[in-house]
Amino acid sequence: MDIASILIIAGICILCLLPVLFRSFRSYDKSANDIEAQHPDVAKAIREARRNIDRGKGRYGP
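Predicted, not measured: the structure shown is a model, and the values here were computed from it.

A. Helix α2 (residues 40–54), seen in detail. Given a rise of 1.5 Å per residue, 15 residues ought to cover 21 Å, and the 21 Å separating the end C-alpha atoms of α2 matches this to within 8%. Note on α2: the residue one or two positions beyond its end, glycine 56, has a positive phi of about 85°.

B. Seen up close, a nonpolar patch on the surface. Side chains of Ile14, Leu15, Leu17, Leu18, Leu21 and Phe22 sit close together on the surface and give an oily, nonpolar patch of about 600 Å² of accessible area. Relative to the elements of secondary structure, leucine 17 occurs in helix α1 (residues 3–34).

C. Examining the pattern of salt bridges more closely. Counted under the stated rule, the structure contains one salt bridge. As a salt-bridge pair, glutamate 48 and arginine 51 come within 2.8 Å of each other at their nearest N and O atoms. Within this pair, glutamate 48 and its partner arginine 51 are both found in helix α2, separated by three residues, close to a single helical turn. For glutamate 48, a relative accessible area of 34% puts it in the partly exposed group. Judged by relative accessible area, which is 37%, arginine 51 ranks as partly exposed.

The rules behind each value
- Residues numbered from 1 in each chain as written.
- Predicted model: local features only at pLDDT ≥ 70, side-chain atom pairs only at ≥ 80, totals over all residues.
- Heavy atoms only, no water.
- Helix = DSSP H or I, 4+ residues; strand = E, 2+ residues; numbered from the N terminus.
- Expected span 1.5 Å × (residues − 1).
- Patch = residues over 30% accessible without salt bridge, like charges linked within 9 Å, V, L, I, M, F, W, Y side chains within 5 Å.
- Areas by Shrake-Rupley, 256 points an atom, 1.4 Å probe, with all protein chains shown as cover.
- Salt bridge = Lys/Arg side-chain N within 4 Å of Asp/Glu carboxyl O.
- Buried < 20%, exposed > 50% of the residue type's maximum accessible area, 1.4 Å probe, protein only.

The following block contains the structure:
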């Protein structure tokens, strides 16, 4: 195999993994939307956790 075919295969693999990686982030938003009516405080906490993760604070932000 030459370098071009290796790069093409690597690109295809990366493109196939992107939906899997982004689905985990969308699940926080979906969970918050699903439980908004029953438990608004929990939905608010889930959204705050998502914002902390997006800012790089992790689960236990400062």
